[in-house]
Amino acid sequence: MNVFISSLLIACWSPAVDNGPELVDIGPITDQIILVHLNEGHVVHHGLGQKRSDEKVIIAPLDIAAASDPSSYRITSPNDAAFHGGLTPLKVGRKSKGTDFAWFVDSWVNGAAVNNRPDHTKEHWLYLRLNAKLKSGATYTVSAPKISNGREWTFKYEATSSRSEAVHVNLLGYAPRAPAKFAYVYHWAGDQGSIDFGYLVGQRFRLVDLATGKSVFQGKVAFRKDKNNPETYVQQDTPHANFLGADVYECDFSPFVTPGKYRVAVDGVGASFPFLIDADVYRSAFTTVARGLYHNRSGIALKKPFTEFERPAPHNPKLTPGFAGRLKYTSVRMQDWGSEGGSKATIVPGYKGELDTCGWYQDAGDWDSYVTHLRVAQELLFAYQMAPENFADRDLNIPESGNGVPDILDEAAWLPRFCYRLRHELLNKKWGTGGIGLRVAGDAFGDDGEGKASYQDVGRDWYASGEDAQSTYRYAGVAAHLASALKIAGVKDPQGIDWRQEATESFAWAQKNARANEHSGDKAHKIYAAAALLQLTGDRAYEQVFREETSDLNAKSLLYGEAMYGPALYALSTVSRSPDLVDRVRDAVLNTSDEIGIRTPSKRALRWGGDFGFPMLVGQQTTPEIMAAAIGYTLTVTSDKPRAKQYLSAIYTTCDYFLGSNPLNMTWVTGLGARSPHQVFHMDAWYNGKPTVHPGIIPYGPWRKGKDQGEGPWSSDWANKTIYPAGIDNWPGAERWFENRCSPLTSEFTIHQNTAPAAAIFGFLCAPRRAH
């Protein structure tokens with residue numbers, strides 16, 4: 001992150017308002033526990049052209065002592081005799097955490113920020129445990145004058161419609177074809193720990209039709225897994241290696257397939273958020289997240305009718321005022337920059353001249369190009385190759401819509417087109433010999449500037465890195481893969497680019513110019529490129545390269561991350577291949593699919609797949625990394641239907657987790673669903689003049705502890721000081737989301753780690769647009 005802390009930052013504090021914290025929600029956790037959710041205030045954040053010191057904290061602190069005292073509450077009901085005289089809770093539990101943070105520093109002590117005034121606001125969840133049960137149909141009033149300055153909160157309890165935070169579902173809904181459809185009952189209540197729902201086993205749950213109010217499906221609640229069930233190999237990330245901190249119970253309605261809008265209602269507890277059962281329920285998720293890629297394109301203006309979140313073109317020498325002459329080329333490869341951003345001393349000696357090109361992607365808080373961004377194309381192309389019938393032109397309302405090409409392929413082509421322009425500019429200017437380098441950054445030449453948007457970043461030079469084999473192999477692979485996808489779609493490239501020629505020439509360049517000591521770093525990209533070129537051309541010379549580079553693969557291999565792309569593409573291909581190699585590679589791919597899509601979900605209470613050993617960082621709790629199961633499903637859908645069904649179940653239940661069945665009952669996509677993230681690290685979104693960020697951002701989310709106390713608001717551990725129960729090691733990992741937009745590690749994102757894999761898998765689950 002190019003975040004520069006250059007001066008003492010001081011914010012203003014507005015004192016508590018007269019009426020105390022604001023009520024966010026009130027209702028049942030169960031029919032004997034009332035949840036009162038309060039918010040102390042908010043931060044007025046700095047905007048375009050402002051300094052971080054302009055931020056203001058508006059706060060009405062909760063009286064913790066009064067809020068924790070059962071005698072502070074009186075609960076009455078006009079139509080429930082047990083409450084006529086008013087009851088006080090038997091006990092009050094609580095969890096609290098900061099949920100809005102200001103970016104300022106009053107002083108420094110031993111290298112850590114110290115503030116003499118409030119620098120955040122909290123939310124509180126108060127659990128009022130009763131000695132009588134709430135009665136369905138009755139109205140209840142909670143009076144708490146000591147904490148609300150005389151206000152009263154009234155709610156009506158309906159067993160089939162009163163939402164309980166303990167009932168978790170996919171907020172968007174379920175496809176009829178999903179083999180597994182589950183709601184879950186669980187809740188971690190802070191100092192009360194896991195709510196005991198053991199009494200529910202064997203009791204009834206219902207699927208309630210919102211249109212009629214009638215129960216259309218019934219089942220029995222069953223135990224799933226306990227609060228100490230290990231859900232990761234990285235035990236230090238979360239207590240007992242369990243992300244939930246709660247015993248989990250399940251409501252299985254897998255057989256139900258009738259389209260409509262429903263709630264899951266659990267007797268003695270309450271109901272879920274409403275959700276759909278619909279064949280194309282994933283369309284909104286795919287569209288929202290894929291358009292998140294469009295919103296992070298560099299070099300073009302974002303404008304109507306493609307978005308309401310307009311923005312001028314950044315980092316375009318021809319369009320961005322003040323950026324002419326700022327984009328330059330160095331022959332120094334990114335591997336030789338010495339660090340991610342490099343330095344003038346290493347970069348400038350290779351200076352060749354000014355570039356006219358533009359049009360990469362940018363991430364959340366830096367606006368650089370990375371070779372890893374080509375993962376966007378790879379993920380989208382896999383989704384299209386496996387399910388081309390799901391996609392069409394005009395799906396996404398992007399500038400290319402209407403050109404006859406499925407929009408998913410237009411988005412997949414965005415970065416390869418930049419690679420094409422860069423490669424040919426280097427050839428035309430005789431600065432290159434046929435390769436590319438995909439690191440483009442200004443880090444070595446100054447800061448992006450406080451309060452500045454990407455299109456105002458014109459006060460420093462930017463450099464594109466020299467040709468290297470890793471970038472060029474990867475470009476060769478996506479060029480060939482894109483050519484095959486266009487062939488599947490039955491269309492030609494609308495700009496007339498010969499992607500086959502690009503792929504073959506780039507691969508040949510990388511073969512000739514790869515450096516021996518970097519072979520291991522280039523290997524995954526070389527394998528992918530060879531597989532893509534074999535699929536496109538049928539030339540067995542590429543298969544020989546592939547064979548040589550995959551000689552170590554066997555039925556026990558596990559192919560994580562980028563190592564999966566080449567073998568998976570080879571296994572999926574339908575061109576003539578060597579049977580012995582097909583069998584060996586397919587075994588390795590399916591073993592990986594089994595690990596990510598069968599074994600891992602079986603061990604987790606909420607059935608989400610992925611790498612069981614991946615630490616809690618960069619989206620582990622927010623991003624569905626389940627493409628391997630989609631590949632396994634595609635490979636086995638006709639040859640091994642029981643196994644394919646397991647894969648398909650895991651894809652759906654994994655997406656359920658990231659779209660709502662998680663402990664926070666939220667989708668992890670801004671602007672999607674009934675509850676989603678709001679405070680994310682995205683500087684262009686901060687300065688867009690809108691009250692919200694654009695939809696389609698998936699933040700990194702909960703992050704493993706680095707230290708007990710963060711050194712400043714930009715630290716992922718800064719929020720640790722705000723929590724109750726105290727001690728972040730006591731908090732389940734999935735509860736560690738604080739909406740701290742100041743912290744890149746938790747609140748930023750990258751298009752390749754978060755946006756692309758989610759868009760691809762949501763697209764894979766969409767309903768067909770046309771016959772295959």
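One numbering rule holds for all chains: residues counted from 1, following each sequence as written. Predicted model: local features are reported for residues with pLDDT of at least 70 only, side-chain atom pairs are reported and counted for 80 or more only, and whole-chain, interface and lining totals are derived from all residues. Calculated side-chain values reflect all of the structure's heavy atoms, with hydrogen atoms and water omitted.

Looking at the overall build of the protein chain
Here is the rule we go by: Strands are runs of DSSP state E lasting at least 2 residues, helices are runs of H or I lasting at least 4, and numbering of each runs from the N terminus. The cut-offs for exposure are 20% and 50% of the maximum accessible area for each residue type, with area from a 1.4 Å probe on protein chains only; residues under the lower value are buried, those over the upper are exposed, and the others partly exposed. Contacts are residue-level and defined by heavy atoms, with any inter-residue pair within 4.5 Å sufficient.
A count of helices and strands for the protein chain gives 18 helices and 26 strands. By principal-axis analysis of the C-alpha atoms, the protein chain measures approximately 90 × 65 × 45 Å. Burial analysis of the protein chain (772 residues in total) assigns 63% to the buried set. For the protein chain, the share of sequence-separated contacts (at least 6 apart) that also reach a separation of at least 24 residues comes to 73%.

Here we look at the nonpolar core
Note the threshold: In this text, buried Ala, Val, Leu, Ile, Met, Phe, Trp, Tyr and Cys residues form a nonpolar core when linked through side-chain atoms within 4.5 Å.
Ranked by internal contacts, the top residues of the largest apolar core, which has 169 residues, are Y282, F382, F507, I631, I651, F762 and F764. For this core, the element with the most residues is helix α8 (residues 469-489), which contributes eleven residues. Apart from the residues lying within four places of it in its own chain, the contact partners of F382 are H481, Y528, Y565, A568, L569, L572, M627 and I631. Formed by 31 residues, the second largest nonpolar core is a distinct cluster that contains V169, L171, C251 and F256.

Comments concerning the packing of helix α5 (residues 375-386) against α8
Helix-helix packing is characterised by the crossing angle of the two axes and by the distance between the axes. Here is the rule: Helix axes are fitted only over the stretch in contact, all axes being lines through C-alpha atoms; the angle between N-to-C directions runs from 0 to 180 degrees. Here roughly perpendicular refers to angles of 65 to 115 degrees, roughly parallel to angles under 35, roughly antiparallel to angles over 145, and oblique to all remaining angles. Here is the rule for handedness: rotate from the far helix to the near one, and if that takes an anticlockwise turn smaller than a right angle the crossing is left-handed, while a clockwise turn gives right-handed. Under the scheme applied, nonpolar residues are Ala, Val, Leu, Ile, Met, Phe, Trp, Tyr, Cys and Pro; charged residues are Asp, Glu, Lys and Arg; polar residues are all the others, including Gly.
In contact at an axis separation of 10 Å, α5 and α8 are set at 30 degrees when each is read in the N-to-C sense. Relative to α8, the element α5 lies roughly parallel. α8 is crossed by α5, and the crossing has left-handed handedness. Residues R375, A377, Q378, L381, F382, Y384 and Q385 of α5 touch α8, and the partners they reach there are R474, V478, H481, L482, A485, I488 and A489. The residue inventory of the contact of α5 with α8, partitioned by class, reads nine nonpolar, three polar and two charged.

A closer look at the packing of aromatic side chains
Operational definition: For Phe, Tyr and Trp, where Trp contributes only its six-membered ring, two rings pair if their centres lie within 6.5 Å, and the inter-plane angle classes them as stacked under 30 degrees, edge-to-face over 60, or tilted in between. Two thresholds decide whether a charge sits over a ring: the Lys NZ or Arg CZ must be within 6 Å of the ring centre and within 35 degrees of the ring normal.
Inspection of the entire model under this criterion finds 39 aromatic pairs. Between F243 and W608 the ring centres are 5.9 Å apart and the planes differ by 50 degrees, which places this aromatic pair in the tilted class. Highlighted residues: F243 in the loop between β18 (222-225) and β19 (248-252) and W608 in the loop between α13 (579-603) and α14 (627-636), separated in sequence by 365 residues. For W608, a relative accessible area of 3% gives the class buried. Lying across the ring of F273, R163 places its NZ or CZ 4.0 Å from the centre. Note that R577 overlies the ring of Y570, its terminal NZ or CZ placed 5.6 Å from the centroid.

With respect to the confidence of the model for the protein chain
Rules: Per residue, pLDDT captures the predictor's confidence, and it can take any value from 0 to 100.
Of all residues in the protein chain, 97% have pLDDT values of 70 or greater, and the mean over the chain is 95. Of the regions scoring below 50 in pLDDT, residues 1-17 engages in 55 contacts with residues more than four places distant in sequence or in other chains.

Thoughts on the pattern of salt bridges
Heads up, the condition is: A side-chain nitrogen of Lys or Arg and a carboxyl oxygen of Asp or Glu constitute a salt bridge if their distance falls within 4 Å.
Taken as a whole and assessed by the stated rule, the structure comprises 44 salt bridges. Across the salt bridge formed by D267 and R206, the nearest N and O atoms sit 2.9 Å from each other. Taken together, the residues span a long stretch of sequence, with D267 in the loop between β20 (260-266) and β21 (270-271) and R206 in strand β16 (residues 204-209) at a distance of 61 residues. Looking at R206, the relative accessible area reads 12%, which means it is buried. Among the charged side chains, a network of salt bridges with common partners joins D368, R439, D443, D457 and R460.

Observations concerning the environment of P78
Among the structural elements, P78 can be located in the loop between β6 (74-76) and β7 (91-101). C-alpha of P78 to C-alpha of T141: the two residues are 63 residues apart in sequence and 9.0 Å apart in space. The contact partners of P78, leaving out residues within four places of it in the chain, are H84 and T139.

A look at unusual backbone geometry
Cis geometry marks the peptide bond from K304 to P305; its omega dihedral reads 5 degrees. Among the structural elements, P305 can be located in the loop between α3 (283-294) and β23 (327-333). Y724 connects to P725 through a cis peptide bond whose omega is 0 degrees. Of note, V618 is a non-glycine position whose phi angle comes to about 40 degrees, a positive value. Positionally, V618 belongs in the loop between α13 and α14. On the accessibility criterion, V618 (17% relative accessible area) is buried.

Description of the sheet that holds strand β24 (residues 351-354)
The pairing of strands in a sheet comes from backbone hydrogen bonds and takes either a parallel or an antiparallel form. Here is the rule we go by: Each pair of strands is called paired provided DSSP finds at least two bridges between the two strands.
A sheet is described by the order of its strands in space; here four strands give the open sequence β24-β23-β26-β25, paired in mixed fashion. Pairing within the sheet leaves two strands with one partner each, and these edge strands are β24 and β25 (440-441). Of the strand pairs in this sheet, β23 and β24 are connected by three bridges, and their pairing is antiparallel. The residue of β24 that forms the bridge with Y329 is G353.

Things to note about the environment of L659
Tracing the sequence through the fold places L659 in helix α15 (residues 641-661). Exposure remark for L659: the relative accessible area of 0% places this residue in the buried category.

Side note on the pairing of strand β2 (residues 22-30)
Relative to strand β3 (residues 33-39), β2 runs antiparallel, the two sharing seven bridges. Following the sheet pairing, D25 is matched in β3 by H37. The loop that links β2 with its antiparallel partner β3 comprises two residues.

Brief notes about α13
What counts, and what does not: In this scheme, a helix's expected span is set at 1.5 Å multiplied by one less than its residue total. By definition, a residue's bend is the angle between the axes fitted to the seven residues ending there and the seven starting there.
Between its terminal C-alpha atoms α13 stretches 34 Å, which fits the 36 Å expected from 25 residues at 1.5 Å a residue. Of all the bends in α13, the largest measures some 35 degrees and sits at D594.

Some thoughts on the pairing of β3
The element β3 is extensively covered by neighbouring structure, given that six of its seven residues are classed as buried. As judged from the seven bridges shared by β3 and strand β10 (residues 120-129), these two strands associate in the antiparallel manner. Bridge pairing in β10 links N39 to E123.

Looking at the sheet that holds strand β11 (residues 139-143)
The strand order across the open sheet formed by three strands is β6-β11-β12, and the pairing between neighbours is antiparallel. With partners counted over all chains shown, the strands left at the sheet margins are β6 and β12 (152-156), one partner each. Strand-to-strand twist of the sheet, defined as the mean angle between neighbouring strand axes without regard to direction, takes the value 20 degrees. Both β11 and β12 contribute to a ladder of five bridges, which runs antiparallel.

Focus: helix α11 (residues 540-549)
This is how it is decided: Arc definition: directions from the helix axis to the C-beta atoms. N or O atoms closer than or at 3.5 Å make up a polar contact, with two conditions inside protein: a donor-capable atom paired with an acceptor-capable one, and, for residues adjacent in sequence, both atoms drawn from side chains.
Along α11, the positions that sit buried rather than exposed are Y542, E543, V545, F546 and E549. With its buried residues spanning 155 degrees around the axis, α11 presents them on a single face. Between the side-chain oxygen at the start of α11 and the backbone nitrogen of A541 there is a gap of 2.9 Å, and the oxygen is on D539.

Some points on the environment of A479
Note on placement: A479 falls in helix α8. Look at A479 and you get buried, because its relative accessible area is 0%. Between the alpha carbons of A479 and Y420 there is a distance of 9.2 Å; along the sequence they are 59 residues apart. Other than its neighbours up to four places away in sequence, A479 contacts W499, E502 and A503.

Section: the side chain of D522
Rules: The convention is simple: Lys and Arg are positive, Asp and Glu are negative, and His and the chain ends are not counted.
Locating D522 in the fold gives a position in helix α10 (residues 519-537). The side chain of D522 sits in the buried core without any salt bridge; R333 is the nearest counter-charge, 6.6 Å away.

Some remarks on the packing of helix α12 (residues 565-572) against α14
Put simply, α12 and α14 touch, their axes get as near as 10 Å, and they point 20 degrees apart. When the axes of α12 and α14 are compared, the pair comes out roughly parallel. The interaxial crossing formed by α12 with α14 has left-handed handedness. In this structure, α12 uses A568, A571 and L572 to contact α14, whose residues at the interface are I631, T634 and L635. For the contact of α12 with α14, a count of residues per class yields five nonpolar, one polar and no charged.

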